[in-house]
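# Geometric and topological summary
Residue-level listing of the chains:
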Amino acid sequence: MRVAIDTQPGGAAPNEDWVGGTPSLAVVLDGLSTAGLDTGCRHGVPWYVAHLGSQLVAALADPGASLTAGLAGALERVAALHPECDLASPGTPSATVAILRQREGFFDHLVLADSPIVLEGNQGFSVITDLRVDQVLPELKAEVERYETHTAEHKEALRRLVLAQRQTRNTATGYWVAAANPEAAEQALTGSTPAQAVRAAALMSDGAACLVTDYAMATWSEVFTTLQAGGPRELIDTVRKVEATDPRGQRWPRYKSGDDASVAFCQW
C-alpha cells in the first residue's frame, strides 16, 4: 500500500489534526476544539493527537492485533503519559479516529466519530463514517450557524455548544470519541472489505471532507481525481480556495472560517 499524506492548519492556531502512514496502515486523527474552555490538561490537543497517533502506529504494527484492541491500548498508554492531568474532566483532550489497515486479502477499517474513510470500488464509492455527533444538540448547533464567523456572537454560541457537547461526549445517549477512557474503542465502527473490491481509499478529517459533505463543491469521484493528479496537498488547497470565497461563513455556516484539514490517500 502506498500512502500519501498531508495536513494543514485551518488558520493561525496550532494544527490539532494528525496523520500518519506506513506500507500497511493509514491513520487520521482530528482533535476536538476546546473553544477556549479549560481541559484539565496542561499539554493540549496537539500534544494529545501526536502521542495517540504514534501509539496507534506502534500498536498496529502487529498484524495480529485488532484495530479495536490497538486503539484501546493506545488510549491507555497515552493516559499513562500524563497522570498528573485531570483525565476525568469532560473536556480532556480528545479526537476522532479513522484507521485503514491492509492485511492478506482484506482492508480493515475503524472509524470513531466523523472523520470519514472513503473507498473507491468497482461499483463506485462507499463512505464509512460515524455521525452520532450530528444527532445531539441540534438547537445549539443551529444557534452557532446563525452568526458569521469571527463575530463575538459566533464565538459565544460555539462556546455554549462545546460546553454542552462535553456533557454528552462518551456517554450512552451521546457520541463517542477517543479521549482517556479505553472503553471508547469498543464504540467504534469496524469492518473489513475484500482487497479485490477496492481500488483506492482516502481517510480525511472533516476539514478536508467538507468539500463534499458540507460545501457540495465536489463529488467523491472528483475528489479522487484530484488526489490522483496532485495528491493530498492539492485537495486541501482546493478546500482553501472554496473557503476563501466565503470567509465569514455566510454561504456555508460553520464553526471556523477554515478547519484543520488532513488526508491520507492510499493506493496499491
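The rules behind these values
- Residues numbered from 1 in each chain as written.
- Predicted model: local features only at pLDDT ≥ 70, side-chain atom pairs only at ≥ 80, totals over all residues.
- Heavy atoms only, no water.
- 1 Å grid on protein atoms, 1.4 Å probe; cavity = no way out; pocket = protein on both sides within 12 Å on 5 of 7 lines; lining within 4 Å.
- Points joined across faces, edges and corners; volume = space filled by probe spheres on them.
- Nonpolar A, V, L, I, M, F, W, Y, C, P; charged D, E, K, R; others polar.
- Helix = DSSP H or I, 4+ residues; strand = E, 2+ residues; numbered from the N terminus.
- Expected span 1.5 Å × (residues − 1).
- Buried < 20%, exposed > 50% of the residue type's maximum accessible area, 1.4 Å probe, protein only.
- Contact = heavy atoms within 4.5 Å.

Here the focus is empty space enclosed by the protein. One water molecule sets the probe size; rolling that probe over the atoms shows where empty space is left. The tally for this structure, following the rule as stated, stands at two cavities of 30 Å³ or more. Of the voids in this model, the largest cavity is the one considered here, and its volume is about 50 Å³. Forming the boundary of the largest cavity are Leu32, Ser33, Thr34, Val45, Gly91, Thr92, Pro93, Ser94, Arg166 and Arg169. Grouping the constituent residues of the lining of the largest cavity by class yields three nonpolar, five polar and two charged. Lining the second largest cavity are Tyr48, Leu75, Val78, Ala79, His82, Leu87, Thr92, Pro93, Ala179 and Ala180. Considering each element in turn, the lining of the second largest cavity owes the most residues, three residues, to helix α2 (residues 67-81).

This part is about helix α4 (residues 152-168). Its 17 residues give α4 an end-to-end C-alpha distance of 25 Å, which sits within 8% of 24 Å, the value for a rise of 1.5 Å per residue. Among all positions in α4, only His154, Ala157, Leu158, Leu161, Val162, Gln165, Arg166 and Thr168 are buried. Those residues of α4 hidden inside the fold are in contact with α3 (138-145). Count one or two residues on from α4 and you reach asparagine 170, which has phi positive near 55°.

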